[in-house]
Amino acid sequence: MCGIIGYVGRESAVPILLSGLRRLEYRGYDSAGLAIQHNGNLEIRRSEGKLSNLEAVLHKTSIEGSTGIGHTRWATHGRPSEQNAHPHRSGDLVLVHNGIIENFLTLRHQLESEGHRFESETDTEVIAHLLSSVMKRESRLDQAIRQVAHELHGNYAIAVMSLAEPGRIVVSRSGCPLVIGLNGTGAFLASDVTPLLEYTREVLFLEDGEVAILQESEIKVFDPEGQPKEYQAETIHWDAEAAEKGGYPDFMMKEIHEQPQVIMDTLRGRFNYESGEADLPDLVMTKEELLGARRFWIVACGTSWHAGLVGKYLFEEMVRRPIQVDIGSEFRYRDPMIQPNDLFIAISQSGETADTLAAAREAKRRGARVLAIVNAVGSTLAREADGVIYTRCGPEISVASTKAFTGQVIALYLLVLHVGRVHEVLSPEEGRWWLDHFLLLPGQVEHILKQENMIESIAKQYAKKRNFLYLGRGINYPIALEGALKLKEISYIHAEGYAAGEMKHGPIALIDSEMPVVVLSPKDRLYEKSVSNLMEVRARSAPVIAFVSEGDHALDQVADHVFAIPDVHPLLTPILFTVGLQLLAYHIAVQRGLDVDRPRNLAKSVTVE
Ligand code: F6R
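Residues numbered from 1 in each chain as written. Predicted model: local features only at pLDDT ≥ 70, side-chain atom pairs only at ≥ 80, totals over all residues. Heavy atoms only, no water.

So, the overall build of the protein
Part 1 of the argument: Scanning the protein from N- to C-terminus turns up 20 helices and 27 strands.
Part 2 of the argument: Computed over the C-alpha atoms, the radius of gyration of the protein is 25 Å, within 12% of the 25 Å expected from 2.2 N^0.38 for a compact globule of 609 residues.
Part 3 of the argument: Overall size of the protein, expressed as C-alpha extent along the three principal axes, is 80 × 55 × 45 Å.
Part 4 of the argument: Look at the contacts in the protein between residues 6 or more apart in sequence, and 71% of them connect residues 24 or more apart.
Part 5 of the argument: When the accessible surface of the protein is totalled, it reaches about 23400 Å², and 48% of it is carbon and sulfur.
Part 6 of the argument: Where the 62 positive side-chain charges of the protein centre and where its 81 negative ones centre are 4 Å apart. (Helix = DSSP H or I, 4+ residues; strand = E, 2+ residues; numbered from the N terminus. Rg over C-alpha atoms; globule rule 2.2 N^0.38 Å. Contact = heavy atoms within 4.5 Å. Areas by Shrake-Rupley, 256 points an atom, 1.4 Å probe, with all protein chains shown as cover. Lys, Arg positive; Asp, Glu negative; His and termini not counted. Charge placed at Lys NZ, Arg CZ, Asp CG, Glu CD.)

Laid out in structure tokens, this is it:
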């Protein structure tokens, strides 16, 4: 997730901007830059990679001035490079941006036909060009921003400086946070409070559609209609570490709570509602090529493999395509029957997992077309693949993967919808039906997050247990695996995920009153069978935690605890159950006094075999 910083005041801006960018480093970034306005000039310095690279550039060619904006970029459109780093300039203005402009391609084509020349691959640059166009007839930057806002689809927080308005930074937001503050030396802005805390604790969180003008000794805020607005600053009591975590106790909790946003961001701009189609330009695959794909494969590791297993059910049930799902470390050492024209889908949060990468290389060597579903833009897998679907989750800092899984499943929904429409197994109406229901998922995840207290109280009762069993069927079998993986990773409790129907083939021998069993039992065609499994468990005195569909009270008297997720189509249940299981694992680990963000023996990115 990009970071934005800005300062206008009496002090030299560069050190303040650099220190602010350091404070934003935790958000993850692949390039950084800043711009200073001074004596009728706008000077920009940018570099790929770490902030030390930007510092080295500034060391060689220093800049002075007391009005400036800075940015750390986490790539979404265009690879990480100096050219794609912010700030971006058009004419007499520069800007930095956080967010995603969905309609940037349409806007870019329109601007190019009007003679604008683009220097980057980013969606951000269209905002700079649009603004400089409007500024030719509009005298005030804040009004120009309001006009341009009507043309932008997506979400953004922007900070802009114009030579026409020296000593000012104008900011606005829609869907992405922006915080501003003032102290005796000047005005500050940032994408979260972390960098502001060393200067002021009195801050204002801008609302969607508002525009603010920052000057050395005052901040003016305008509502979305352009009317001046009285505002009340809020006092922040967090320390810098808590601020990085957005007020959450750790990154894992923050990332769990980011999932509604992740779903929206991953879907954003990637479908055509009218035609009921997914729109995936980075797939770099024509309809003919997709139709010609002989066989489909998914390969991944760990949590990403679980997302891949969910994908298998989606491919089979939504579009009737057979698909083989493999673990990276197994695939690479088999002699897989993969052939030219097969479509090989590699799923990875980091894009650097050694086994997944090796499998993708092997598939490519054998002539398959490689599609990556990746979170980290510019990662090795993303660069080596023929096509990419980026999950727009922002950096996942906690070692245990949570929001990345959700982003991967959403990317798979889009891919399956795309395949279904291309193969014409899904009609436009069916496509629209799925899109409508994908778009309900953020609210449904919110609904689950609001019931966190209930899961926390269940966690408290079982935190001392030594073993757990997770049972699921059909598309929720991989979710049983994921729930068990999450628990073992962060709580160090032995947990097994099983296909519920397999229980009587072995694990039932383990069941007694000391073995809590988590049963995923949505109202689907396997419901009766899941209930029978639950009864078998109950008969052996095991405590049962049942995850069910809202409105199903049949298990209230049978299970020890019942947690309901919204009643959705069975193929849409995996994300909702997973969020509940993430919370369960999290609260059990917290009860055990463990460091949830840094579990022992685990690395965030497994770049070795
Ligand atoms: C589980 C977890 C790991 C990763 C696995 C693959 O919480 O984090 O199982 O999912 O190491 O990593 P990526 O997705 O980066 O390839």
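Let's talk about the packing of helix α4 (residues 124–134) against helix α5 (residues 141–149)
Part 1 of the argument: Interhelical geometry of α4 versus α5 gives an angle of 120° and a closest axis separation of 9 Å. With respect to α5, the axis of α4 lies oblique. The handedness of the crossing between α4 and α5 comes out as right-handed. Residue-level inspection shows Ile-127, Leu-130, Leu-131 and Val-134 of α4 in contact with α5, the latter providing Ala-144, Ile-145, Gln-147 and Val-148.
Part 2 of the argument: Of the residues contributing to the contact of α4 with α5, the split by class is 7 nonpolar, 1 polar and no charged. (Axes fitted to C-alpha atoms, helices over the stretch in contact; angles between N-to-C directions. Parallel < 35°, antiparallel > 145°, perpendicular 65-115°, else oblique. Left-handed = near helix turned anticlockwise from the far one by under 90°. Nonpolar A, V, L, I, M, F, W, Y, C, P; charged D, E, K, R; others polar.)

Here we look at the sheet that holds strand β23 (residues 467–472)
Part 1 of the argument: Spatially, β24-β23-β25-β26-β27 is the arrangement adopted by the 5 strands of the open sheet, whose pairing is parallel. Strand pairing shows two members of the sheet lacking a second neighbour, β24 (494–499) and β27 (561–565), which therefore form its edges. For this sheet, the mean angle separating the axes of adjacent strands, direction not counted, is 15°.
Part 2 of the argument: Two strands pair when backbone bridges link them, and strand β25 (residues 517–521) and strand β26 (residues 544–549) are joined in this way by 5 bridges, in the parallel orientation. Following the sheet pairing, Val-518 is matched in β26 by Ile-545.
Part 3 of the argument: Across the sheet, helix α18 (residues 477–491) lies against β23, β24 and β25, angled at about 175° from β24, the strand it touches most.
Part 4 of the argument: Against the sheet, helix α19 (residues 527–539) contacts β23, β25 and β26, and its axis sits at roughly 165° relative to β25. (Pairing = 2+ DSSP bridges.)

Thoughts on the environment of Ser-427
Part 1 of the argument: With respect to the secondary-structure elements, Ser-427 resides in the loop between α14 (403–422) and α15 (428–438).
Part 2 of the argument: For Ser-427, a relative accessible area of 22% corresponds to the partly exposed category.
Part 3 of the argument: Sequence-wise, Ser-427 and Glu-277 are 150 residues apart; in three dimensions their C-alpha atoms are separated by 9.3 Å. (Buried < 20%, exposed > 50% of the residue type's maximum accessible area, 1.4 Å probe, protein only.)

Regarding the environment of Ile-36
Part 1 of the argument: Structurally, the position occupied by Ile-36 is in strand β2 (residues 31–38).
Part 2 of the argument: Ile-36 gets classed as buried once you look at its relative accessible area, which sits at 1%.
Part 3 of the argument: For Ile-36 and Ala-13, which are 23 residues apart along the polypeptide, the C-alpha to C-alpha distance reads 7.5 Å.
Part 4 of the argument: In this structure Ile-36 touches Ala-13, Val-14, Leu-17, Asn-41, Leu-42, Glu-43, Ile-63, Glu-64, Gly-65, Thr-67, Gly-68 and Met-161, once residues within four positions along its chain are discounted.

Some thoughts on the domain arrangement of the protein
Part 1 of the argument: Taken domain by domain, the protein holds domain 1 (3–238), domain 2 (252–445) and domain 3 (451–591).
Part 2 of the argument: Its C-alpha centre places domain 1 at a distance of 33 Å from the equivalent point of domain 2.
Part 3 of the argument: Between domain 1 and domain 2, roughly 1100 Å² of surface is buried when both sides are summed, and carbon and sulfur atoms account for 64% of that area.
Part 4 of the argument: Across the pair Arg-268 and Glu-102 runs a salt bridge whose closest N-O atoms are separated by 3.4 Å.
Part 5 of the argument: Inspection of the domain 1/domain 2 interface yields 2 residue pairs in polar contact (both at pLDDT 80 or more).
Part 6 of the argument: Class assignment for the residues of the side of domain 1 that touches domain 2 results in 5 nonpolar, 6 polar and 2 charged. (Domains from an automatic or database assignment. Buried area = accessible area lost by both parts, 1.4 Å probe. Salt bridge = Lys/Arg side-chain N within 4 Å of Asp/Glu carboxyl O. Polar contact = N/O pair within 3.5 Å; in protein donor to acceptor, adjacent residues only side chain to side chain.)

Concerning the packing of α14 against helix α20 (residues 573–591)
A pair of packed helices is characterised by two quantities: the angle between their axes and the separation of those axes.
Part 1 of the argument: As a packed pair, α14 and α20 sit with axes 10 Å apart at the nearest point and diverge in direction by 175°. Relative to α20, α14 is oriented roughly antiparallel. Along the contact surface, α14 presents Phe-405, Thr-406, Val-409, Ile-410 and Tyr-413, while α20 presents Pro-574, Ile-575 and Thr-578.
Part 2 of the argument: The residue makeup of the contact of α14 with α20, split by class, is 6 nonpolar, 2 polar and no charged.

Quick look at the pairing of β23
Part 1 of the argument: Burial runs high along β23: 5 of the 6 residues are buried.
Part 2 of the argument: Bridge count between β23 and β24: 6 bridges; the pairing is parallel. Note on β24: the bridge partner recorded for Gly-472 is Ala-499.
Part 3 of the argument: Crossover connection from β23 via α18 to parallel β24: handedness right-handed. (Right-handed = clockwise from strand over helix to strand, strands pointing away.)

As for the site of the ligand
Part 1 of the argument: Taken together, 15 residues are adjacent to the ligand, and Ser-304, Ser-348, Gln-349, Ser-350 and Thr-353 come closest.
Part 2 of the argument: Ser-348 is positioned with one of its side-chain polar atoms (N or O) 2.6 Å from an oxygen atom of the ligand.
Part 3 of the argument: Here the ligand, which alone exposes 410 Å², has 90% of that area covered by the protein.
Part 4 of the argument: Among the elements of the structure, α10 (302–319) and α18 are those that each provide at least two residues to the shell around the ligand.
Part 5 of the argument: Residue composition of the shell around the ligand, grouped by class: 5 nonpolar, 8 polar and 2 charged.
Part 6 of the argument: Among the domains, domain 2 (252–445) and domain 3 (451–591) are the pair contributing at least three residues each to the shell around the ligand. (Near = heavy atom within 4 Å.)

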